[in-house]
Amino acid sequence: MYRLLCDETLLAVWDSLPDDASAQLTTALSDVCHEPFIETEPWGIDDGINRVLVRPLVAAILAVNDEARTVRIYNIQHRH
């Protein structure tokens, strides 16, 4: 299992999402912490680190550190 890392600014963005989008992000990130390379797609160049998580109501840019077993959120966007 991977540990999720998120700064306070992005936590505020997450908290400000509509309930359905927030729930979708929470569920998706839980899945990512178990299988980050199955639940996400490469973002930009496929370097095995920068990933994008896309769901119907929300998207997030992530960095996966396989060695440290962490997933860091860099951006959260509500998809309308």
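Up top is the structure.
What this report covers is the structure whose coordinates are included nearby. (Residues numbered from 1 in each chain as written. Predicted model: local features only at pLDDT ≥ 70, side-chain atom pairs only at ≥ 80, totals over all residues. Heavy atoms only, no water.)

1. Let's talk about the pairing of strand 3 (residues 50–54)
Applicable threshold: If DSSP finds at least two bridges between two strands, the strands pair. Per the convention used, a helix needs a DSSP run of H or I reaching at least four residues, while a strand needs a run of E reaching at least two, with both numbered from the N terminus.
Note that strand 2 (residues 41–42) and strand 3 share 2 bridges and pair antiparallel. Directly across from glutamate 41, in strand 3, lies its bridge partner valine 52.

2. Observations regarding the side chain of threonine 70
The line we're drawing: Residue exposure (1.4 Å probe, protein chains only): buried if accessible area is under 20% of the type maximum, exposed if over 50%, otherwise partly exposed.
Residue position: threonine 70 is located in strand 5 (residues 70–78). Its relative accessible area of 8% is what places threonine 70 among the buried residues.

3. Quick notes on the pattern of salt bridges
Just so we agree on the cut-off: For this document, the term salt bridge refers to a Lys or Arg side-chain nitrogen within 4 Å of an Asp or Glu carboxyl oxygen.
On inspection of all chains with the given rule, the structure shows 2 salt bridges. Residue glutamate 39 pairs with arginine 55 through a salt bridge whose shortest N-O separation is 2.8 Å. With a gap of 16 residues between them, glutamate 39 in helix 3 (residues 36–39) and arginine 55 in the loop between strand 3 and strand 4 (58–65) connect regions that are remote in the sequence.

4. Description of the environment of threonine 9
In this structure, threonine 9 sits in helix 1 (residues 8–16). Residue classification places threonine 9 among the exposed residues on the basis of a relative accessible area of 58%. A sequence separation of 66 residues divides threonine 9 from asparagine 75, and the C-alpha atoms of the two residues are 9.8 Å apart.

5. Some remarks on the nonpolar core
What counts, and what does not: What we call a nonpolar core is a set of buried Ala, Val, Leu, Ile, Met, Phe, Trp, Tyr and Cys residues that are connected through their side-chain atoms within 4.5 Å.
By size, the foremost hydrophobic cluster in this structure holds 17 residues, and its most contacted members are Leu25, Leu53, Leu62 and Ile76. Taken together, the elements giving at least two residues each to this core come down to helix 1, helix 2 (19–34), strand 4 and strand 5.

6. Brief notes about the environment of aspartate 66
Here aspartate 66 is to be found in the loop between strand 4 and strand 5. Remark: the alpha-carbon pair of aspartate 66 and phenylalanine 37, spanning 29 residues in sequence, is separated by 9.8 Å.

7. Section: the environment of tryptophan 43
Rule in force here: The contact rule is simple, with two residues in contact once any of their heavy atoms fall within 4.5 Å.
In this structure, tryptophan 43 sits in the loop between strand 2 and strand 3. Overall, tryptophan 43 belongs to the partly exposed group, its relative accessible area being 44%. Sequence spacing of tryptophan 43 and isoleucine 61 is 18 residues, and the spatial spacing of their C-alpha atoms is 7.6 Å. Contact partners of tryptophan 43, with chain neighbours within four places excluded, come to Asn50, Arg51, Val52 and Ile61.

8. Concerning helix 2
Filter applied, for reference: Expected helix span is taken as 1.5 Å per residue step, with the number of steps being one fewer than the number of residues. Directions are taken from the helix axis to each C-beta atom, and the arc is the one they span.
When the terminal C-alpha atoms of helix 2 are compared, their 23 Å separation across 16 residues agrees well with the 22 Å that a helix rising 1.5 Å per residue should span. For helix 2, the complete set of buried residues consists of Ala21, Ser22, Leu25, Ala28, Leu29, Val32 and Cys33. Down the axis, helix 2 shows its buried residues gathered within 140° of arc, on one side only. Of the surrounding secondary structure, the elements contacted by the buried residues of helix 2 are strand 1 (3–5), helix 1, helix 3, strand 3, strand 4 and strand 5.

Note that every value here comes from positions in space, so none of it alone points to a role or purpose.
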